Amino acid sequence: MHRRFQRPAAFRKAIGVLPTLLAAATIGVGAPPASAATAPIVYSVSPNGQGSTCSTTAPCALLTAQTKVRQATSTMTTDINVVLADGTYRLSGALTFAPAAGDSATGGHTVSYQAAAGAHPVISGGQQVTGWTQASNGLWSATVPAGTDTRQLYVDGVRATRASGSAPASLTRTATGYTTSNTTLAGWQNPANMEFVYNVAWTQMRCGVASVSGTTVTMQQPCFDNSTKKQYGVNADLPSYIENAKELLNNPGEFYLDKPAHTIYYLPREGQQMSTADVEIPNLQNVITGNGTASTPLRGLAIRGLTVAYGGWTSPNATDGFSEVQANMRLTGANAWQYQGSCDRFSSTDPGTCPYGNWTMTPGNVTFSYTNGLTLEGNTFQHLGAAGLQLGQGVTNSSITGNVFTDISGNGVEIGNGTDANPTDVSVLPTGNTVADNWVHNVAVEYTGGVGIFQGYAVNDTITHNQINNVPYSGISSNWGWGRTATKTSGNKITNNLVFDFLQQRSDGGGIYVLGQEGTSLAGGLVISGNVVRGAGAGGGGFAIYTDGGSQYVTMTGNAAYNNNNSSMGGCKEGTTTPYGDFSFTGNYFENLTPNWPCGNPSNATISGNTQVSSSGVGVPASVLANAGLESAYAGVAAPPTGVAPTNLAAHKPAVAQYIDGSTAQLQPESQLTYATDGDSTTYVQASGQFRWQLVVDLQQAQTLGYITVGMPQAHFATDFHVDASTDGTTWTTVGTVHNSGWGSVPVEFSTSLTARYLRIVADKPDNSGQTGDQMAISEISAYAPTQGGSNTALKTPAQALFIDGTQADMQPNSTPALGDDGDATTFAQASGRYRWSLQVDLQQPESIGVVSVLMPVDKYATAFHIDVSLDGSTFWTVAHRTDSTGGTTGVQLDQRVSARYVRVIADRPNDSGQTGGQMAISELAVYGTK
C-alpha cells in the first residue's frame, strides 16, 4: 500500500512562503520582472512521471529530468529548476550529483531541485514492508527478502525501537566477553544477532555478540577490545542492556529482525493497525550525495523544500560495532584502542599513530564533498539511520538555512571531520560555510552520544541563529582533537543560537562544547556570542558553555546561560604540558559567575564584566533572548501548529476584590482590578492588609460553564482555594475546590455544567501556616463553555510511560500508565528503575490545546518538568517548562494555543540531586482544549 509521506505541520507552515517564491521563480515572476531571456529553464517531475517532456502537464521522472539538466549545464545562460510535484520518490540508488556528470551549474547560474508550489515531495531511501500477519500472542510478522538488514523500522512515520531489556543472568567480564550465572542466554535463538549496549558517561558503545556457549559469552572483535581498553576517555564494562533479541520483544513499539528467517516481528502500539499501516525500513545508506574533486568541485547546486527520509546504516552490525569515543566518533579496526588517537601522549616507546584523534566519523545519509556554493534551504531531514547531513572535505561557501533535522540516529549536522587537523593542503578543510536558522531536535536517538551540530576542523564557518533542543548529549560541538595537536582551524563563529534541553541522557557535555586549538590568536580564534543556553537535562556534569581539553583562543561574549543545573562556564585542561587558555569571557549573562576549572586554571584568561542572572533567566536583556534562535523570517520552522482559542467568557469583564467578610479589599500598589481579566498574564490583582481575600467576576449575563482557569503568578499564589458560583450575586454555591496548588493557570473543572453570572475565587491558604505561595494574587480568570465529552480531553485516553530514550518504562508495583489519566486523584502512574521518564497520552484526534494540568502526589513529584506536544507521535514540540514544582496541581497555560493529538510530560528533575520530591509520579495528566 502506498501512502504519501506526511511532513511535520510546523515545517509545512514554516515554508509556506517558499512554494510561492519557487512558483514565482518557475514562471519568471519577480521584481523587476524577468525577461524571457532570463527566465529559468523548468523541468517538472512527479513520482509517476513518464516520457521526456518534463512539463507541468506531462511531468517526467526525476532521473529523466536530471539527465536533461546534465545535457544543458555546459551551455546554460540562465538558472535551471527541477520542480518536484507532491508524493514520494523512491530511490533504487542514491540521488547523485557530480561535476563530471554535468550536475554543476556554469556561468554563475544555479541548478535547483525544489518543491512545487504547495507540494511536500519526499526523497525516500526506504522500502515498504507489506503482508503483515498476526499471531495469537499479539505479535505481527512479515517476510522480507533474503539479505535484508536494518536497524530501524517505522510504522506510520513513528520510529519503532529494537527489542531490548536486561540480561537474564548476572554477568562477569572476561578478556573476551562474559561468563553468565546461568545458561539462559545460550538458549536464546540467533545469539549472533544480539547487541550489548553500554551507556558510559558521555558515550554509548554497542558491540555484537559473536557466540554463546553454556555460560560463556564471546563478544565481537575488534569492538570489544576497542570499547574496553581505550587509553583515553571512558571504557565499557558490564552492558546497560541487551538489544535485538526476540526473547526481549515484549513491549508495544518494539521490533525484531530475524535475519536467518528473513522475518520482521513487531508489537504494535495502541491504535496502530498493521493491516493498513505504512511500514518502512531503510534500503539505502546514501540517499543524496554530491561529490566533486579538489580541482573540479560541484558548483551552484540548490535543494529546496524537499524531505529526505528513510536512509539507513548497518555498519554497527559488523565486527567494528559502535565503539564511541565522543560525539559519534568511533574506533575502528584491530587494535584501534592502542593506536588511534594516542600519538605519544601515553607512551614514548609505543606512541601510536598521529594525528591525534585519528578516529572514524559516523557517515551522513546526505553527504557532500568538494562542493562550492551549495544551498540547502527549507528541507526536512528525518527518519534517518546515520547522521543527517555531512559536509565533508572541500565544501566551501555553502548555505544550510531554514531546514529541520529530526528523528536521526546520529548527529544532526556534521561539518568537517576529526582526522584532518593539520593538513598539508588546507583546501580539504570546509571553509566559509553558514549553518543558519535550522531547527535541530530529537537527534542522536539511537547513538545517544551524538550532538545536534558537530563542527570538526573547519575555517571561517558560521553557526548562527539555530534552535537546538531535546538532544541526548551536547547541542553544538566545535573543533576536535582531545589533548593537543596543531590545527589549521581558525575564524569560526557560533552566534545567536538557542540551545535548550540538552544533556537529556548522556553526561559531561555542554550546550556549546569546544575542544582544541582555535586559530593562533584571539583575533583569529573562535567567537561564541549572543547564544542562549538553558535547561540542561539530568545527565549530570558538564557546563552550559564548555571549553574542554586543549581549548585555546576562545572569545565568549554576550551569551546567556541559566537553569542548567551546572556551572555556566568552565572546562578541563589536559595535563601540565598541554596549552589551555587564551580566553576572553566578558559581557555574558550567567547564573554562575565563577568558572569551574576542575583540572587546573587556564592561562591568559580574561573573565570580567559578566552579569549574574537568576535560574529562571531574570536579568537577561530582552534583546539577547529575542535575538537568539530562529530569525523572524524562519520563526515558523520550529513553531508548533497553531490551535483555535475558545471564547473566554470572562475576558474584560468587571471584577471586585473583597476581604473574606465581603467588605471591599484594599489593593497592593500598582495592582488593578482590570488586571484579572485583561488577557495579560504578566499583570495581576492582589489584596493588601489581609491574607484571605476573594475576587468576584461579573460575566454580565448568565452563562453556561464547563470549567474555568485561575491564573496566579509565580511569586504569589494560594496553596488552597475554592470557587463559588452565583446567578444573582447573593446566593453562592461552591463548585470547585483546589488543594496543594502551585502557580500558573490552574483549571477548575465542574462535575456537571452549570449556569452562573458571577464567579468568586476564595483564598483558603494563605492562612499564615501551611502556605508555600506567599499571598494570593490573580493574574487571569478565564471561563469557558462546556465541551462535548468533558473539558479534560485526556481523561481515560490511551497512555504510555516511556523512559527518556523512548523505550517502554518499567512501572512501580501496582502502577500502570492508565492510572495517570483515569480521573482518580488517589491513583498514580510512576516508572521504576530510572528517574527520568515521561507520561504520554493520545487524545485520539487533533485538538486545540491551551492548558495542561499536572497533578503529582506531594511526596512523589518532579521539581522540574517540560511538556511536549505532537500531531503524529514522531515530531514533538516543547511548549512549556516548569522548574519549581512542589507536588499537587500545576496548571500550565501555554504561550499560545496549539493543535496536538499527543501530549507528554517529561521529568527533568529528579536527577539524584537537587530534587526534593522523590521520583515523579503523575496522578492526573489533564488537557483542556477543543476538538
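Our subject is the structure listed above.
Residues numbered from 1 in each chain as written. Predicted model: local features only at pLDDT ≥ 70, side-chain atom pairs only at ≥ 80, totals over all residues. Heavy atoms only, no water.

Visitor: Sorry if this is basic, but what is going on with the sheet that holds strand 15 (residues 177–180) here?
Guide: The pairing of strands in a sheet happens through backbone hydrogen bonds and is either parallel or antiparallel. The antiparallel open sheet is built from seven strands, whose spatial order is 13-19-16-17-18-15-14. Strands with a single pairing partner mark the edges of an open sheet, and in this sheet they are strand 13 (164–165) and strand 14 (171–173). As paired strands, strand 15 and strand 18 (residues 216–219) are joined by three bridges and run antiparallel to one another. Directly across from Tyr178, in strand 18, lies its bridge partner Val217. (Pairing = 2+ DSSP bridges. Helix = DSSP H or I, 4+ residues; strand = E, 2+ residues; numbered from the N terminus.)

Visitor: What exactly am I supposed to notice about the pattern of salt bridges here?
Guide: A side chain with one charge can pair with a side chain of the opposite charge if their charged atoms come near. This model, assessed by the stated rule, comprises 22 salt bridges. The residue Asp103 makes a salt bridge to Arg70 at a minimum N-O spacing of 2.9 Å. Pair noted here: Asp103 is in the loop between strand 4 (95–97) and strand 5 (111–115) and Arg70 is in helix 3 (residues 62–72), with a separation of 33 residues, a long-range link. The exposure class assigned to Asp103 is buried, which follows from its relative accessible area of 2%. Linking Glu195 and Arg206 is a salt bridge whose minimum nitrogen-to-oxygen distance equals 2.8 Å. Of this pair, Glu195 sits in strand 16 (residues 195–200) while Arg206 sits in strand 17 (residues 203–213), placing them eleven residues apart in sequence. Relative accessible area serves as the criterion here: at 3%, Glu195 is assigned to the buried category. (Salt bridge = Lys/Arg side-chain N within 4 Å of Asp/Glu carboxyl O. Buried < 20%, exposed > 50% of the residue type's maximum accessible area, 1.4 Å probe, protein only.)

Visitor: How should the nonpolar core be read in this particular structure?
Guide: If you look at soluble globular proteins, the nonpolar side chains tend to sit buried side by side. Judged by nonpolar contacts, the single largest core of 123 residues is most densely connected at Phe196, Tyr198, Ile288, Phe368 and Leu389. Setting aside its immediate chain neighbours within four residues, Phe196 contacts Leu171, Tyr178, Leu185, Met205, Arg206, Cys207, Val209, Val217, Met219, Pro239, Tyr241 and Ile242. Counting residues in hydrophobic clusters, the runner-up holds 39 residues, among them Leu630, Val637, Val905 and Ile922. (Core = buried A, V, L, I, M, F, W, Y, C linked by side-chain atoms within 4.5 Å. Contact = heavy atoms within 4.5 Å.)

Visitor: So what exactly am I meant to see when it comes to the packing of aromatic side chains here?
Guide: The description of an aromatic ring pair rests on the distance of the ring centres and on the angle between the ring planes. Applying the stated criterion across every chain, the model contains 21 aromatic pairs. Arranged with centres 5.9 Å apart and planes meeting at 80 degrees, the rings of Trp359 and Trp480 form a pair that is edge-to-face. In this pair, Trp359 is assigned in the loop between helix 5 (336–339) and strand 29 (364–369) and Trp480 in the loop between strand 42 (476–478) and strand 43 (493–495), connecting sequence segments 121 residues apart. Here the two residues Trp359 and Trp480 agree in accessibility, since each one is buried. (Phe/Tyr/Trp six-rings, centres within 6.5 Å; stacked < 30°, edge-to-face > 60°.)

Visitor: Would you mind going over the side chain of Thr367 with me for this structure?
Guide: Here Thr367 is to be found in strand 29. On the basis of relative accessible area, Thr367 is assigned to the buried category, the value being 13%.

Visitor: Is there a simple way to explain the state of the cysteines in this structure?
Guide: Here, disulfide denotes a covalent bond that connects the sulfur atoms of two cysteines. Tallying each qualifying case throughout the model produces three disulfides. Shown here is the disulfide that connects Cys572 with Cys599, its sulfur atoms set 1.4 Å apart. Taken together, the positions of Cys572 in the loop between strand 51 (567–570) and strand 52 (581–586) and Cys599 in the loop between strand 53 (589–590) and strand 54 (603–608) put the pair 27 residues apart, joining distant regions of the chain. (Disulfide = S-S within 2.5 Å.)

By themselves these figures say nothing about function.
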